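Survey of secondary and tertiary structure
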Amino acid sequence: MYGLNLGRSSNEGNMTALTVDTVHTYTLDNAKIHHTDRYELVHNDPSTPILRRGQPFFMAVRFKDGRVYRDFTDDIKFVFNYGIKPDPLQGTKGVVSLSKREIYTGDKTRWDVIVKGSDGDTLTVEVKSPVNAPVGAWNLEILTSLQSSQPGDTITYKHPETIFILFNPWLQSDTVYMAEENLLDEYVLNDVGKIWVGPMANTRGREWVFGQFDALVLPAAMLVLERTGLSGLALGDPIKVTRAFSKLVNCNDDQGVLLGRWDGEYDDGTSPSAWTGSVPILEEYLNTKLEVKYGQCWVFAGVLTTLCRALGIPSRVVSNLVSAHDANDSLTVDRYYSPDNEEIPYDPRNPEGEDSIWNYHVWNDVWMARPDLPSGYGGWQAVDATPQETSDGYYQCGPASVEAVKKGVVGLKYDVGFMVSSVNADLVRWKEDPNALDGYSKIDCNRYHIGRMILTKHPFVFDPNGDTDKENITTIYKPSEGSKDERAAFYLAAQGTHRAKRFLDVPDAASSPVSFELQELDRINIGENFSVSINIKNDSEEVRTIQASLSASSVYYNGVKAHLIKKASGVFKVQPKSSEFLKLTVKADEYLEKLVEYCIIKFYTIATVMETRQTWAGEDDFQVIKPTVQILVERELPLGLSARLAFQIKNPLKKKLTKCKFSYEAPGLIKKAHNVPYRDIGPEAEATWEIMFTPMFAGPHKLVATFDSKELTDITGSVSVEVVDG
């Protein structure tokens, strides 16, 4: 930190107010700290600051004419503005007066600026945004004047760069905080995933490029936010934002992103099956400001995931195999038959619509606290952007607490009853019966048909050729089918739904002065050395003897330990009111030969305070970053003409790769998926494989490729291609 010049000038009477020359936002440095360094806008020229709310970031302010900031002479105000009419009462304007204060006020709901150093005409400050700040594009103004000056003598500097503020799931005081921080690599930072589509018998994982770091995604997200109609602090509330997104991703009520279509007629747009990612859809939406044709449930879910992850809301795609659409809130899917056992092709007791069963249906889970609900209903929340039924007068659904869905607590907002039906409705068959009270008698009830399996992508795992990355989360949404708990939850839901009561027979129903912290580890590229440490802090008044060990092991994706890589242990003393750390350094040669599939390494640590017998254990894991498949193809291709496509991979290991295979898929560009065996690749050698192909459809496309071998797996790559007709 640079020492501040806080003295008074002998010629203050001749001084003029400071004039800001430039503001340096340390865009890339801040981005690394804020987990936003993968956003393309951060690396553009000029760069765009992308920051997470509630977390400090640095700026340097340089003044003109060599003027030096003096705390007792100069008055500087930092003004942060959001939207057209910023208002402090609405949370869209923050005004902070700079002073010699070097600690924050402690109010997490206000903007705060503290001085970090001064070097001649340059002042370095640290800024912290409110933990509940509206997310989106902010603008900065700096107002300078002399403390003795009259009103109106203020000089205003308007910073030319937009500053994006995002949700912060790494911060405990943020509503979207996720305690298992390692999961954020999947649910916020992973930009390529899988969506399970198809009927129960042959469902498959389809790759989807979320692309949330693409340069156009945040501007597109800002357009969507603008069209939600939300204002003020509601723009920082993930409950309201995700509910509005579920309405705006479809265009049934407003100027939303996608128009849904299911009849196979797509000549005036793009077939839903031709999309491989969200970026081309959001690009068209941003450029035209019109709805994009066409989408289906999994396309809506893919786009919603992109918007949520781009803004920092943990999100995943969920596929429900054999999914119910309950049109009358009865918690049943009803089939009707005539006295001759002929199926009646409509619902005679619901003239407004009829129930249906989808082979599969896809929606989203988003992660957040739910301060608007009783305790215990935070965590994963179901949000569905596919327009099926209206909620509060609009085609929107959720966020519905997944825990509430599982328990059948339909009285909690939003749309819990609809989601209960989707995953756990009874399939009921009715027959015309003149002796029945309402003309129909129940002839069959299948309690096992709906919600046969609920799938999402497994964290950290990616299998380009199969479904080993499939995670079955059925029991998160409902108890085991047919169990007492499942029926109890179902009947509880029925008690809270008026129509269900008519359709179903409802039965009666310790702190310590010594603390330990496992250091967070940065991303590590395969072949690089890394280190990890335990920080031990002794706040007591006595010397403490610590017995500690720290080990690194390779693990399979299910957490089963494979090989011990390295271990460090020792006994040492920690002086009163002081800290020590135990560090483990792992060289590349020590772990490369011991990695197993997906290259996950887990750290285990245990420490005991000998004097008090206090014991602490912790663990953390990370995935070694591997090289990508380089895809060589012209970015603009003529429709119907042959073109060259090549894949390159460099072996980062000092041993031969065997049983190699390239896989690639580009729906709408190249017919079906391809798996191509390849020769062995020597140590640290490069390999290239190429084909000639003919593009199938015009329009923007994503081509996704993978590389597999016995020694190195889960290598992926993707590229955007524009196919031009004529």
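Going by the structure above, here's the rest.
Read on for a plain summary of the structure. (Residues numbered from 1 in each chain as written. Predicted model: local features only at pLDDT ≥ 70, side-chain atom pairs only at ≥ 80, totals over all residues. Heavy atoms only, no water.)

1. Things to note about the overall build of the protein chain
Test applied: Secondary structure elements are defined from DSSP: runs of H or I of at least 4 residues count as helices, runs of E of at least 2 residues count as strands, and each element is numbered from the N terminus. Here's how the labels work: a residue is buried when its accessible area is under 20% of the maximum for its type, exposed when over 50%, partly exposed in between, all with a 1.4 Å probe on protein chains only. Computed with a 1.4 Å probe, the accessible areas rest on the Shrake-Rupley method; for each residue, only the protein chains presented here act as cover.
Each helix and strand in the protein chain was counted, giving 13 helices and 38 strands. Taking all 726 residues of the protein chain together, the buried fraction comes to 54%. For the protein chain, the computed accessible surface area is about 31,800 Å², with 47% contributed by carbon and sulfur atoms.

2. Some words on the nonpolar core
A general trend in soluble globular proteins is that nonpolar side chains are found buried together. What counts here: Here, nonpolar core refers to any group of buried Ala, Val, Leu, Ile, Met, Phe, Trp, Tyr and Cys residues whose side-chain atoms link them within 4.5 Å. Here, two residues are considered to be in contact whenever any of their heavy atoms come within 4.5 Å of each other.
Counting residues in hydrophobic clusters, the biggest one holds 124 residues, and the most contacted among them are F78, L311 and Y477. Per-element accounting of this core gives the leading share, eleven residues, to helix α7 (residues 297-311). Not counting the four nearest positions on each side in its chain, Y477 is found in contact with V318, W363, D365, A382, V402, V405, K406, V423 and I454. Among the nonpolar cores identified, the runner-up in size contains 61 residues, and V514, L584, V609 and V633 belong to it.

3. Overview of a negative patch on the surface
Definition in use: Patch construction takes residues with relative accessible area above 30% that form no salt bridge. Like charges are linked within 9 Å, and nonpolar side chains (Val, Leu, Ile, Met, Phe, Trp, Tyr) are linked within 5 Å. Every case where a carboxyl oxygen of Asp or Glu lies within 4 Å of a side-chain nitrogen of Lys or Arg is listed as a salt bridge. In summary, the charge assignment counts Lys and Arg as positive and Asp and Glu as negative, without counting His or the chain termini. Charge coordinates come from a single atom per side chain, which is NZ of Lys, CZ of Arg, CG of Asp or CD of Glu.
Taken together, the side chains of E283, E284, E636 and E722 make up a negatively charged region of the molecular surface. According to the relative accessible area criterion, E283 is partly exposed, its value standing at 34%.

4. A look at the pairing of strand β3 (residues 57-63)
Which entries qualify depends on this criterion: Should DSSP find at least two bridges between two strands, the strands are taken to pair.
Among the seven residues in β3, five count as buried, and that is most of the element. Inspection of the sheet shows strand β1 (residues 20-24) paired to β3 by four bridges, in the antiparallel sense. The residue bridging V23 from the neighbouring strand is V61, located in β3. In terms of strand pairing, β3 meets strand β7 (residues 122-128) through six bridges, oriented antiparallel. Bridge pairing in β7 links F57 to V127.

5. Notes on the environment of T27
Quick note on the threshold: Two N or O atoms count as a polar contact when they lie within 3.5 Å, although within protein this holds only if one can serve as hydrogen donor and the other as acceptor, and sequence-adjacent residues are included solely when both atoms are side-chain atoms.
By secondary structure assignment, the location of T27 is in helix α1 (residues 27-33). In sequence terms T27 and F57 are 30 residues apart; their C-alpha atoms lie 9.3 Å from each other. In contact with T27, not counting residues within four places along its chain, are V42, S47, T48, P49 and E161. Polar side-chain contacts of T27 include one of 3.1 Å to the side chain of S47.

6. Overview of the environment of P387
Tracing the backbone shows P387 in the loop between β18 (379-383) and β19 (400-401). Among the residues examined, P387 registers a relative accessible area of 16% and is labelled buried. A C-alpha to C-alpha distance of 8.1 Å links P387 and K247, two positions 140 residues apart in sequence. The contacts of P387, once residues within four sequence positions are left out, are N250, N252, F300 and Y395.

7. Quick notes on the environment of K661
Within the fold, K661 resides in strand β34 (residues 660-666). For the pair formed by K661 and S709, sequence separation is 48 residues and the distance between their alpha carbons is 6.4 Å.

8. A closer look at helix α6 (residues 279-288)
For α6, every residue scored as buried is listed here: V279, P280, I281, L282, Y285 and L286. Note on α6: the residue one or two positions beyond its end, K289, has a positive phi of about 60°.

9. A word on the packing of aromatic side chains
The following threshold applies: Two rings from Phe, Tyr or Trp (for Trp, the six-membered ring) form a pair when their centres are within 6.5 Å of each other. A pair whose planes differ by under 30 degrees is stacked, one over 60 is edge-to-face, and the rest are tilted. Criterion for a charge above a ring: Arg CZ or Lys NZ at most 6 Å from the ring centre, at most 35 degrees from the ring normal.
Per the counting criterion, the structure on display carries 14 aromatic pairs. The interplanar angle of 70° and the centroid separation of 5.3 Å between the aromatic rings of Y82 and W138 together place this pair among those described as edge-to-face. Taken together, the positions of Y82 in strand β4 (residues 74-82) and W138 in strand β8 (residues 136-146) put the pair 56 residues apart, joining distant regions of the chain. Each member of the pair, Y82 together with W138, is buried. Plain terms: the ring middles of Y187 and W380 are 5.0 Å apart, the flat faces sit at 85° to each other, and that makes the pair edge-to-face. Note that Y187 is positioned in helix α3 (residues 184-187) and W380 in strand β18, a separation of 193 residues in sequence. Assigned by exposure class, Y187 and W380 land together as buried. Chaining the aromatic ring pairs together yields one cluster made of F80, Y82, W111 and W138. Stacked on the ring of Y394, the Lys or Arg K247 has its end atom at 4.9 Å from the ring centre.

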